[in-house]
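Here is what each chain is made of, one letter per residue.
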Amino acid sequence: MQAVVIVFPGSNCDRDVAVALERAAGKPPLMIWHRETDLPLADLIVLPGGFSYGDYLRAGAMAAQSPVMREVRARAGAGVPVLGICNGFQILTECGLLPGALLRNSGLAFVCRDVWLRVETADSVHTRAYRPGEVVRFPIAHHDGNFRADPDTVRALEDGDRIAFRYCNPAGEVGGGANPNGSVDDIAGILNERRNVLGLMPHPERLADPRLGGADGARMFAGLVQALA
Amino acid sequence: MKARVEITLKQGVLDPQGKAIANALEQMGFAGVAGVRQGKVIEIELAETDARRAEESVRSMCERLLANRVIEDYTVELGI
Amino acid sequence: MKARVEITLKQGVLDPQGKAIANALEQMGFAGVAGVRQGKVIEIELAETDARRAEESVRSMCERLLANRVIEDYTVELGI
Amino acid sequence: MSPSAAAARTMPEIAREFGLSDAEYALSLSILGREPNITELGLFSVMWSEHCSYKSSKKWLRTLPTKAPWVVCGPGENAGIVDIGGGQVAVFKMESHNHPSYIEPYQGAATGVGGILRDVFTMGARPVANLNALRFGSPDHAKTRHLVRGVVAGVGGYGNCVGVPTVGGECTFHSSNNGNNLVNAMTVGIADADRVFYSRAAGPGNPVVYVGSKTGRDGIHGATMASASFGGEVEAKRPTVQVGDPFTEKLLIEACLELMATDAIVAIQDMGAAGLTSSSFEMAGKGGLGLELDLDAVPQRETGMSAYEIMLSESQERMLMVLRQGAEDAARRIFEKWELDFAVVGRLTETGRLVLRHGGEIAADMPIAPLAEASPEYDRPWRAPAAAPMLAADAVAEMLPPPDALRKLLSCPDLASKRWVWEQYDHMVMADTVRRPGGDAAVVRIHGTDRGLAVTTDCTPRYCQADPRTGAMQAVAEVWRNLTAVGARPLAITDCLNFGSPERPEVMGQFVAGIQGIADACAALDMPVVSGNVSFYNETEGAAIQPTPQIGGVGLVDDLDRTAGMAIADGDALVLIGTTAGHLGASLYLREIVGREEGAPPPVDLAAERMHGDFVRRLIAGGRVDACHDISDGGLYVAVAEMAIAGGTGAALHLESEALPLFAVLFGEDQGRYVLGVPAATAADLVAEAATAGVPARVIGRAGGGDLTVNGDWPISVQELAAVNEAWLPAYMSGQRPEEDR
Ligand SMILES: Nc1ncnc2c1ncn2[C@@H]1O[C@H](COP(=O)(O)OP(=O)(O)O)[C@@H](O)[C@H]1O
Ligand SMILES: [Mg+2]
């Protein structure tokens, strides 16, 4: 599998996700600067976490206007899998590849900690390595992870089985304080209609190595590699 | 020419910052605060001197970058 | 009664957001953007109906919470 | 002040306003051989400010031990450097941003983090960890909550955005900080040993290059502000506050590291306090060269800036470099790719003089060496502090049943969990954080290896207040112990010496004693000082802070499979290492439970400290320890409670046979101690081995069950311990409006 990681000014999890991808795929992804106007052939496009453009104006807003994003949109439209993590998710909503928007956390503060997630669907190349209903642990680290969409959009996400992850407690129950940022419907990650674009606030790459205290995230990358090899 | 863009959250979109400010004001003893909404003002200094062309350009900036039309509305005002 | 507070960075204070927005606009092909400054607008819905008392109260909100007087200036406007 | 406003007064008057003494002004006349102009006077005043010149502390700083076989570069550069094997070095330093953080907590703290990051990546190191030691006023004080919220958000706002994990620090509260909070930030970076960069300029004719953000009128005279105590009118000093731009800093890190991979750079120096002035003086001074700067070429954010303003601006996120001739274009391309300003602003000369051109005129022309090197050095009068008398355990009343005292201590501001703080910090970015905040030291993996760096900061100001020498010694010892407790080999420290006004002999006496304590401990523990910072004038209207010689330490973990955390496991035997004497003087128990702040701090036996620690480290390296925690604030009972909370399991302590009052055993703060959790079957052998090694050790209990008990009594559930420990800070912070984040 050949992955590319898009690097924006201010991206800071580009190396982290590259390490996780290399562990899973046995070969490093290509790192592509945001000014590029054409992308090399790729089986997977990753928009990494970080603070592109400092999160100034709105998180992800300026990165969404980067030259490279035209090509990312085209590839996504052609069915190439895209994974947006944290700031990558914000960029995906800002450029319209995913619906909704990510607002300031309801607690207003930046939050960095492990959260529990319930896998809501295994029906995507990103989540195929998990069982639906399974509870996994990923870290979050964000200031603007409060997912908002109008009720029709949320219904469409639900009806289309496009909610990939929900915040939950260790027992897999949603609600009751498990939601770290106020996201509507406890949504942590969503798919596009075609199911090839996933955006999520939690960082699978940060718990993809037993040395760091867990490897639930590694399965996302392993699943992608298996599907796209 | 100067342009002033004001960006506000659409009616119905929950405003976490506005809500927090309202709570804080209440806690500080300000009575009768019925609601708070927070938005942005962006002032842009333009080389353009023609008001119509300036407005057009600023509207395009808003549509493409400054406002997120999923959740935000904007107004443009041209100044001196 | 409605109050509108506008908060801007003081003259001379670095505005990293404005700077980044200006760069982004330029890269998107908007020519002639000489400078951008970003500020906040806060709209407050008040129970108070007396304009003078409302203004006094909002000014006090600004001084105590809304504006960071070390680096920001503010203006208050009372509306309908 | 603007030059025109200054024109109405005489030069000596202006000199005084700039903070120069009459003697210093006279010296400036003799150095120049004429009266300085206003720009030159400004340069003298910042270069000779306490902050830049260390004029009150130099004499004493020289006495610190700074050498060891693994020390690559000691104090004097932007940061210290130690060898960490594998062809790599660790680069680190700590710095204060106390005054700005009191005036504007968010931006003050943020720019503090930005400044210390620059000190580290200037040397060619990629920053891999940030730490922050925070000392606030009493929680009841009207400003405290606002300061805590702003400072923590500012530290996080900057570090999170640049993508360097903030993995540790301290956060305590005391009324002596009501008017002067302390914000000390530390950065640790890693570089290849053959890719380290220094600030010494070389090669006359080489271009001097400015990179980063544009220069504005912000922060003018920040260095002199940091060298003055607060009077009544803090407000008047406000315009010097600067706004941090972490996004630009992130670009600057990447651009500098990219350029550093080539051979373009001869010397590099960040623009910190006193901006362009101190960076140009330092680079040229170290190289024994001259420097000509064309100030019109300096990228400027505002129009009409005077030479004085350009030279003294403390705008953030800027660097000055000397490049090899001909390397300009390649360098420019890198900085343009990263969307940063790049300008050739001058050349090195052989004249030994700094010449500034501005608007077609010579704005300043002065010799460099007398300023940069022969700046004033004072031998300030000092009075040895009176040591607080020892307080016998029987002079302390047992105020509460021990389990109630434990609850109270675990929830007191200083011991309460600081999760509310570190969860606002991205402590995992870079995906190498092996041990997260909450333990004795954090451990970050050396990227791409199975080795790690352990990092921590420590100081116990109440000990330093009671006895500055012992207190400073204790701070070093506790750093060493915290590094040891995770299994690391302590390498070196950085310090940030926060004191009141050096012009008062009793404060100067605290400083001198503190230096002696640090020096003794460093020598005995083989852990030299490689970098540091002095922050004087932390006082308001004559009321000084408790002396706070903050210590930051770095240790090496040779094998990440062989480290320890504090989480005990069901069935572990608990082994106490070290001697318990029930010392309650200057203890947290005395302050929080009895309401007294008195007595001598616990004595520090450096030889015992070293023996105990070396023994513990061997055990951890041998894979024989499940959990380890040193005993510090609050004593043994608190330490075991913290281990129980971390492990989610109870523990039964058996302390029947004590000759001392039980509460003194539980709450005494004797130094040089650790609690280990070890497999029960190995405990007896381990204790015997310790005896052979001359290390006091005994089994004091067993982990297991849901409760913490003492001698079969006083059960407290682990859940309750955790809840009590976690509750205070979030509750305190929610007691008032959420300060708007900016
Ligand atoms: N300001 C802070 N930033 C990050 N971590 C902090 C901060 N304050 C405290 N901590 C963390 O909380 C834990 C407990 O701190 P402390 O009681 O000072 O530890 P110790 O006494 O063992 O040195 C440590 O892991 C420390 O790194
Ligand atoms: Mg400790």
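Before reading on, note that the structure itself is shown above.
Residues numbered from 1 in each chain as written. Chains lettered and ligands numbered in written order. Predicted model: local features only at pLDDT ≥ 70, side-chain atom pairs only at ≥ 80, totals over all residues. Heavy atoms only, no water.

Caption draft 1: Seen up close, the coordination of the magnesium ion (ligand 2). Residue and element names in this part refer to chain D. Taken together, Asp440 (OD), Asn482 (OD1) and Asp630 (OD) make up the protein donors of the magnesium ion (ligand 2), found 2.1 to 2.4 Å from the metal. Along the chain, the residues that donate to the magnesium ion (ligand 2) are spaced as D-x41-N-x147-D. Here aspartate 440, found in the loop between strand 14 (433-435) and strand 15 (442-445), pairs with asparagine 482, found in helix 19 (residues 468-485); they are 42 residues apart in sequence, far enough to count as distant. For the pair shown, aspartate 440 and asparagine 482 are each scored as buried. (Donors = N, O, S within 2.8 Å, 3.2 Å for Na, K, Ca; no water. Helix = DSSP H or I, 4+ residues; strand = E, 2+ residues; numbered from the N terminus. Buried < 20%, exposed > 50% of the residue type's maximum accessible area, 1.4 Å probe, protein only.)

Caption draft 2: Molecular detail of the sheet that holds strand 5 (residues 166-173) of chain D. Residues and elements named next belong to chain D. Read across the sheet, six strands follow the order 1-2-3-6-4-5 without closing on themselves; strand pairing throughout is mixed. Only two strands of the sheet have a single partner each, and these edge strands are strand 1 (71-73) and strand 5. Adjacent strand axes in the sheet meet at a mean angle of 20° when their direction is disregarded. Examined bridge by bridge, strand 3 (residues 88-96) and strand 6 (residues 182-192) share nine bridges and lie antiparallel to one another. Looking at strand 6, one finds that lysine 93 is bridged to threonine 187. (Pairing = 2+ DSSP bridges. Axes fitted to C-alpha atoms, helices over the stretch in contact; angles between N-to-C directions.)

Caption draft 3: Looking closely at the packing of helix 3 (residues 22-32) of chain D against helix 4 (residues 38-47) of chain D. Residues and elements named next belong to chain D. As a packed pair, helix 3 and helix 4 sit with axes 11 Å apart at the nearest point and diverge in direction by 120°. It follows from the interaxial angle that helix 3 and helix 4 lie oblique. Relative to helix 4, the crossing made by helix 3 is right-handed. Residues Tyr25, Ser28, Ile31 and Leu32 of helix 3 lie in contact with helix 4, whose contacting residues are Glu40, Leu41 and Phe44. (Parallel < 35°, antiparallel > 145°, perpendicular 65-115°, else oblique. Left-handed = near helix turned anticlockwise from the far one by under 90°. Contact = heavy atoms within 4.5 Å.)

Caption draft 4: Representation of the environment of arginine 4 of chain B within the structure. Structurally, arginine 4 of chain B can be placed in strand 1 (residues 2-9). Along the backbone, arginine 4 of chain B and alanine 54 of chain B are 50 residues apart, and their C-alpha atoms lie at a distance of 11 Å. Each residue touching arginine 4 of chain B, except ones within four places of it in the same chain, is listed here: Val41, Ile42, Glu43, Thr75, Val76 and Glu77 of chain B together with Arg4 and Glu6 of chain C. Looking at arginine 4 of chain B, its side chain comes within polar contact range of the side chain of glutamate 6 of chain C, at 2.6 Å. (Polar contact = N/O pair within 3.5 Å; in protein donor to acceptor, adjacent residues only side chain to side chain.)

Caption draft 5: Region of interest: the interface of chain B and chain C. Between chain B and chain C, the residue contacts involve 29 residues of the former and 29 residues of the latter. Taken together, the two surfaces of chain B and chain C that pack against each other cover about 2,500 Å², and 65% of this comes from carbon and sulfur. Taken as a group, Met28, Phe30 and Val41 of chain B account for 20% of the area that chain B buries against chain C, more than any other trio of residues on that side. Between arginine 4 of chain C and glutamate 6 of chain B there is a salt bridge whose closest N-O contact spans 2.5 Å. (Buried area = accessible area lost by both parts, 1.4 Å probe. Salt bridge = Lys/Arg side-chain N within 4 Å of Asp/Glu carboxyl O.)

Caption draft 6: Up close: the interface of chain A and chain D. Taken together, the 32 residues of chain A in the interface contact 32 residues of chain D. In this assembly, chain A packs against chain D so that about 2,700 Å² is buried in total across both faces, 54% of it on carbon and sulfur atoms. On the chain A side of the contact with chain D, Arg15, Arg211 and Leu212 of chain A bury the most area, a combined 26% of that side's loss. When the shortest N-O distance is used, the salt bridge between aspartate 561 of chain D and arginine 211 of chain A registers 2.6 Å. For the pair chain A and chain D, the interface holds 14 residue pairs in polar contact (both at pLDDT 80 or more).

Caption draft 7: Spatial organisation of the environment of glycine 18 of chain B. All names here are of chain B. Mapping glycine 18 onto the fold places it in helix 1 (residues 16-27). Separated by 29 residues in the primary sequence, glycine 18 and alanine 47 have C-alpha atoms spaced 35 Å apart. For glycine 18, the residues in contact, after removing those within four places along its chain, are Val36 and Gln38.

Caption draft 8: Structural context of the sheet that holds strand 1 (residues 2-9) of chain C. Taken in spatial order, the six strands of this open sheet run 3(B)-1(B)-2(B)-2(C)-1(C)-3(C), and their pairing is antiparallel. Edge positions in the sheet fall to strand 3 (72-78) of chain B together with strand 3 (72-78) of chain C, since each of these pairs with one other strand and no more. Strand-to-strand, the axes of this sheet are offset by a mean angle of 25°, without reference to chain direction. Bridge count between strand 1 of chain C and strand 2 (residues 33-46) of chain C: six bridges; the pairing is antiparallel. Across the sheet, alanine 3 of chain C pairs through a bridge with isoleucine 44 of chain C, a residue of strand 2 of chain C. Against the sheet, helix 2 (residues 51-66) of chain B makes contact with strand 1, strand 2 (33-46) and strand 3 of chain B together with strand 2 of chain C, and its axis sits at roughly 160° relative to strand 3 of chain B, the strand it touches most. Each of strand 2 of chain B together with strand 1, strand 2 and strand 3 of chain C is contacted by helix 2 (residues 51-66) of chain C, which is oriented at about 160° to strand 3 of chain C, the strand it contacts most.

Keep in mind these numbers describe shape, not what the thing actually does.
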